[in-house]
Amino acid sequence: MAAKNRSSSSNNNITVAVRVRPLLRTESDSVVHVVDGNILSFDNRRSSSSVSRSKVSDIRFAFDRVFGPAASQESVFDATAKPLVDLVVDGFNATVFAYGATGCGKTHTITGTPTDPGIIHRTMTHLFTRINQLSETQSTFKTTVSYLEVYNETIRDLLVTSSNRAPQSQLDLREDDEHRRVTVSNLSEHSPKSVEDVIALMELGNSNRIKAFTEANAVSSRSHAVLQVCIERRDINSDMSRGNESNVASSLKIATLSIIDLAGSERASATQNKGERLLEGANINRSLLALGNCINALCSDKPNHIPYRDSKLTRLLKYSLGGNCKVVMITNISPSSTHNEETHNTLKYANRAKNIQTKVEQNTINLQLHISQYPKIIQGLQLEISQL
Ligand code: ADP
Ligand code: MG
């Protein structure tokens, strides 16, 4: 038996994209200009704050992709999450996350609307299409989905109904270093058979997601929402050609795709939060600060200590950032001058993330099966079928 065979040490394991949302009807003054598909310029002169006012007025940033206000949901998906699907069905972990201040388009990008769906819907549609294609040949798949939020440094299962709600205190993280993954104890897992099943699960999850009123935005998402799709792929190739009728090579690939809608990255001071909201703000910032510190540490030439343990979000994402994972960061910004300072901070954060270097490995276990083991395997499969 051999595990973990193929690896890729390319430095392109993180893709950083920036999406500029359209001006809203209440906004008139655009300070962000898309130069081309890779470059945007940011006019810093119109900053309302003396702190961020800089002598340099027009700052240019280069990213792997820049999407302007007219970019369609489809074009954003095609260039970001779509290429990850083939990797995931091939045993590589992958993560897509939306980062940015409240009101800049994270939820629009990740969830979208029923008539113009976002990354989750499009990714799951493409994933099920690929699974159906591959199932026609030698592969069998098992897909499980979980959806959680990290709110105030507490993990909550978003896919619970009042009947299956587990006590929140029991939802905690378990690091499984041997299999290079982090699991959440007592988190409900679901086995969707179609995109429609996934959408129904997302609707349940989104209605459970905590939203609260703050002065920064009428309805602002104060939690990090994390969708995790685990794909197990089993391939059986019999090697009859060389007279080895009794030996069958089998491989099991297991990969996790995470799609994350982060809480707003604005600072607590900008929202004039008080009391409970302030504590929330501190905890949300703690997770985002820790995420930023992990990104900084991963960007150093010789990353030795990555502070994953500093927050629940970064503990959860240990293998979804610098470890065994392909990462796509979609940075959402507003073009409006009223968000000038947040936009500048967000662009600086995204700019740092470009330097993350990771080593991605395929999670494959190769098994050399002898024909005498077949009855046991068939028994196991019959048991699985009888439980469906
Ligand atoms: P966030 O999740 O970052 O707080 P939202 O996704 O809720 O922000 O977006 C704020 C508002 O802007 C919503 O009304 C949303 O429909 C709109 N919006 C955001 N991005 C786009 C876009 N690319 N095209 C059209 N409307 C958008
Ligand atoms: Mg949102």
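Residues numbered from 1 in each chain as written. Chains lettered and ligands numbered in written order. Predicted model: local features only at pLDDT ≥ 70, side-chain atom pairs only at ≥ 80, totals over all residues.

For the protein, the name recorded in an unreviewed UniProt entry is Kinesin motor domain-containing protein, with Chytriomyces confervae as its organism.

Caption draft 1: Summary view of the environment of Phe 97. With respect to the helices, strands and loops of the structure, Phe 97 is situated in strand E8 (residues 93-99). Residue classification places Phe 97 among the buried residues on the basis of 24 C-beta atoms within 10 Å. Along the backbone, Phe 97 and Val 327 are 230 residues apart, and their C-alpha atoms lie at a distance of 8.0 Å. Those residues in contact with Phe 97 that lie beyond four places of it in its chain are Ile 260, Leu 262 and Met 329. (Helix = DSSP H or I, 4+ residues; strand = E, 2+ residues; numbered from the N terminus. Buried ≥ 20, exposed ≤ 12 C-beta atoms within 10 Å, placed from the backbone. Contact = placed C-beta atoms within 7 Å.)

Caption draft 2: Looking closely at the site of ligand 1. Surrounding ligand 1, one finds 13 residues, the nearest of these being Arg 21, Gly 105, Lys 106, Thr 107 and His 108. Of the residues belonging to the shell around ligand 1, the class tally is two nonpolar, nine polar and two charged. (Near = placed C-beta within 6 Å. Nonpolar A, V, L, I, M, F, W, Y, C, P; charged D, E, K, R; others polar.)

Caption draft 3: Representation of the UniProt feature "binding site: ATP" (unreviewed entry) in the protein in the model. Under the UniProt annotation, "binding site: ATP" (unreviewed entry) lies at Gly 100, Ala 101, Thr 102, Gly 103, Cys 104, Gly 105, Lys 106 and Thr 107. In this structure, Thr 102 sits in the loop between E8 and helix H3 (106-110). Look at Thr 102 and you get buried, because 23 C-beta atoms sit within 10 Å. Looking at where Cys 104 falls in the secondary structure, it is placed in the loop between E8 and H3. Assessed through the 28 C-beta atoms surrounding it within 10 Å, Cys 104 is described here as buried. (UniProt positions renumbered as here; feature names shortened; annotations may be inferred.)

Caption draft 4: Broad picture of the packing of helix H4 (residues 119-135) against helix H5 (residues 195-208). Between H4 and H5, the shortest axis-to-axis distance is 9 Å and the interhelical angle comes to 150°. In terms of their interaxial angle, H4 and H5 are classed as roughly antiparallel. Both H4 and H5 take part in a crossing whose hand is right-handed. Between H4 and H5, the contacting residues are Ile 120, His 121, Met 124, Thr 125 and Phe 128 on the first element and Val 195, Val 198, Ile 199 and Met 202 on the second. Its residues assigned to classes, the contact of H4 with H5 comprises seven nonpolar, two polar and no charged. (Axes fitted to C-alpha atoms, helices over the stretch in contact; angles between N-to-C directions. Parallel < 35°, antiparallel > 145°, perpendicular 65-115°, else oblique. Left-handed = near helix turned anticlockwise from the far one by under 90°.)

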